[in-house]
Amino acid sequence: MQKRLQGRVALVTGASSGIGEATAMALAEAGARVAIAARRRERLDALAARLAGLGAEPLVLQADLQSTTEAQRVVRETEAHYGRLDVLVNNAGVMYLEPVEDADLGRWERMLQLNLMSLIAATQAALPGMRGRRDGHVVNISSTAGRIANPNAAAYAATKFGVGAFSEALRREVCQHNIRVSVIEPGVVETELRDHIGHASTRQAINAWADSMRQLQAEDVAEAIVFCVTRPAHVNVNELLMRPTDQER
Ligand code: NDP
C-alpha cells in the first residue's frame, strides 16, 4: 500500500532532539524523504541512520540556525538535493525564561533570532519553490506560550506570539497558491528544552511544575504534525493547540 507521504520531501529544523527528532521519524514512517538540520552533528548522524532504515534517504544539514543566512541555506540545500521541498517544519527553538529585570539581553536576542527571525528566513526561502509547484506546507512550532504570556516568559512568549502572527499573515498571503500554513501549539512536552534555562530559580520552578503532570511526549506532537500534513489538499489545519490533560493553564 502507498504510504501517505510517499514522494513528499520534508525539512525538519531542530531535528537533533525532542519534537524535531520525533517528527523526522514520524514523517519518514509516513513515507517522506527527510532532511534534518541542527548544530549537533553526531545526533543528526544517529538519527539519519534510523531514517535511512525507513527508506527516508536522509540529508544531514549541520547548521547554526541563529543565522538567517544558515536558515536560508538549509532550505536551498534541501531543494538542490531532492529537487523540491514540500513540507517545511520550522521547529528549532530555545526557551530562555527569566524575569525581565534580570534578563540577559544577549541570550534573549539569540532566542528572538532563532525562534522568530530564522523561522521567517527559512519560510521565505521555501516560498518560491512551493509557489512554482503550487504545492507546499509550512508547519511552524509555536507553544501555549504563543497564546498566554506568563511571568518569566516575556521574551519567549514574544517569540511564540510572533510565530502565530507571522503564520496567520503568511497563510493569508499564500493560500491562493495552494500553500498551507499550520501552527502547532503544544503545552508541556518532556524534552531537553528546559535544560537550557540559564536562570536557576526559574528552571527549578518550571521543572517542578512539569513534573507535577503527565507531560506530552515528543511523539504526541509529531503525530499531530503528521495529521496536519496528511490532510487532503483542500484542508488546511491552521492551528493546533494541545496540552497534557493535567495542564490547566
Ligand atoms: P529540544 O531542546 O529537545 O530541541 C530543540 C532543537 O532545536 C534541537 O534539535 C536543537 O538542536 C535545535 N536548536 C537549538 N538551537 C539551535 C541553533 N542555534 N541552531 C540550530 N538548531 C538549534 O526541545 P523541544 O523539542 O521541546 O523544542 C522544539 C520546539 O518545540 C521549540 O521551538 C520549542 O519552543 C517548542 N515547544 C516545546 C515545548 C516543550 O514543552 N518542550 C512546548 C511548546 C513548544 P542543536 O542543539 O543540536 O542545535
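Up top is the structure these notes are about.
Attention here is on the structure that accompanies the text. Counting restarts for each chain, with residues numbered from 1 along the sequence as it is written. Local features are withheld for residues below a pLDDT of 70 in this predicted model, meaning they are given only at 70 or higher, and side-chain atom pairs are given and counted only at 80 or more; totals for whole chains, interfaces and linings count all residues. The side-chain values count all of the structure's non-hydrogen atoms but skip hydrogen atoms and water molecules.

1. Considerations on the overall build of the protein
Moving on, step 1. A tally of regular secondary structure across the protein gives seven helices and seven strands.
Moving on, step 2. Note on conventions: DSSP H or I runs of at least 4 residues are helices, E runs of at least 2 residues are strands, and numbering of each starts at the N terminus. Each helix and strand of the protein, placed in order from N terminus to C terminus, yields the pattern β-α-β-α-β-α-β-α-β-α-β-α-α-β.
Moving on, step 3. Note that the radius of gyration is over C-alpha atoms, with the globule rule given as 2.2 Å times the number of residues to the power 0.38. The globule rule puts the C-alpha radius of gyration for 249 residues at 18 Å, and the 17 Å found for the protein is close to it.
Moving on, step 4. Seen through its principal axes, the protein has C-alpha atoms that stretch 50 × 35 × 35 Å.
Moving on, step 5. Classification of residues uses two cut-offs on accessible area relative to the type maximum, computed with a 1.4 Å probe and protein chains only: under 20% is buried, over 50% is exposed, and between them is partly exposed. Going through the 249 residues of the protein one by one, you find that 53% of them count as buried.
Moving on, step 6. When contacts within the protein are restricted to residue pairs at least 6 apart in sequence, those whose partners lie at least 24 apart make up 72%.
Moving on, step 7. Throughout, the Shrake-Rupley method with a 1.4 Å probe supplies accessible areas, and for residues the shown protein chains are the sole cover considered. For the protein, the accessible surface area stands at approximately 11200 Å², while carbon and sulfur atoms represent 49% of it.
Moving on, step 8. Charge counting treats Lys and Arg as positive and Asp and Glu as negative, with His and both chain ends excluded. Every charge is mapped to an atom, namely NZ of Lys, CZ of Arg, CG of Asp or CD of Glu. Where the 28 positive side-chain charges of the protein centre and where its 29 negative ones centre are 6 Å apart. Residue contacts are counted whenever heavy atoms from the two residues lie within 4.5 Å of one another.

2. Here we look at the sheet that holds strand E3 (residues 59-62)
Across a sheet, paired strands are connected by hydrogen bonds in the backbone, their directions being either parallel or antiparallel.
Moving on, step 1. Strands are labelled as partners when DSSP assigns at least two bridges between them. Pairing within the open sheet is parallel, and its seven strands lie in the order E3-E2-E1-E4-E5-E6-E7. Two strands close off the open sheet at either side, each with one partner strand: E3 and strand E7 (239-242). Going from strand to strand, the sheet's axes swing by 15° on average, the running direction of each strand aside.
Moving on, step 2. Along the sheet, helix H2 (residues 41-53) makes contact with strand E2 (33-38) and E3, crossing E3 at roughly 170°.
Moving on, step 3. Against the sheet, helix H5 (residues 154-174) makes contact with strand E5 (136-141) and strand E6 (179-186), and its axis sits at roughly 160° relative to E6, the strand it touches most. Between the N-to-C directions of two axes lies an angle of 0 to 180 degrees, each axis being a line fitted to C-alpha atoms and, for a helix, fitted only over the stretch in contact.

3. A word on the packing of aromatic side chains
Moving on, step 1. Each pair of aromatic rings taken from Phe, Tyr and Trp, with Trp reduced to its six-membered ring, is defined by centres within 6.5 Å and is described as stacked if the planes are under 30 degrees apart, edge-to-face if over 60, and tilted in the remaining cases. Per the counting criterion, the structure on display carries zero aromatic pairs.
Moving on, step 2. For a Lys NZ or an Arg CZ to count as sitting over a ring, it must be within 6 Å of the ring centre and within 35 degrees of the ring normal. In this structure, Arg 249 packs its charged tip against the face of Trp 209, placed 4.6 Å from the ring centre.

4. A word on the pairing of strand E1 (residues 9-13)
Moving on, step 1. A large share of E1 lies buried, amounting to five of its five residues.
Moving on, step 2. Burial of E1 is two-sided: the residues Val 9, Leu 11 and Thr 13 facing one way and the residues Ala 10 and Val 12 facing the other way are all buried.
Moving on, step 3. Of the pairings in the sheet, the one linking E1 to E2 comprises five bridges and is parallel in character. Residue Leu 11 lies in a different strand from E2, and its bridge partner there is Ala 35.
Moving on, step 4. The handedness rule is simple: strands pointing away from the viewer, and a clockwise path from the first strand over the helix to the second, make the crossover right-handed. The handedness of the E1 to E2 crossover, carried by helix H1 (residues 18-29), is right-handed.
Moving on, step 5. Examined bridge by bridge, E1 and strand E4 (residues 87-90) share three bridges and lie parallel to one another. Residue pairing for E4: Val 12 is matched across the bridge by Val 89.

5. As for the environment of Val 221
Moving on, step 1. Locating Val 221 in the fold gives a position in helix H7 (residues 218-229).
Moving on, step 2. Look at Val 221 and you get buried, because its relative accessible area is 0%.
Moving on, step 3. As a C-alpha pair, Val 221 and Gly 187 span 34 residues in sequence and 9.8 Å in three-dimensional space.

6. Looking at the pairing of E3
Moving on, step 1. Bridge count between E2 and E3: four bridges; the pairing is parallel. When the sheet's bridge partners are listed, Ile 36 is paired in E3 with Val 60.
Moving on, step 2. With H2 bridging E2 and the parallel E3, this β-α-β connection has right-handed handedness.

7. Things to note about the pattern of salt bridges
Moving on, step 1. Any Lys or Arg side-chain nitrogen located within 4 Å of an Asp or Glu carboxyl oxygen qualifies as a salt bridge. Scanning all chains against the criterion turns up 16 salt bridges.
Moving on, step 2. For the salt bridge of Glu 57 with Arg 33, the shortest nitrogen-to-oxygen distance reads 4.0 Å. Of this pair, Glu 57 sits in the loop between H2 and E3 while Arg 33 sits in strand E2, and the two are 24 residues apart along the sequence.
Moving on, step 3. Its salt-bridge partner being Asp 86, residue Arg 84 comes within 2.6 Å of it at the nearest N-O pair.

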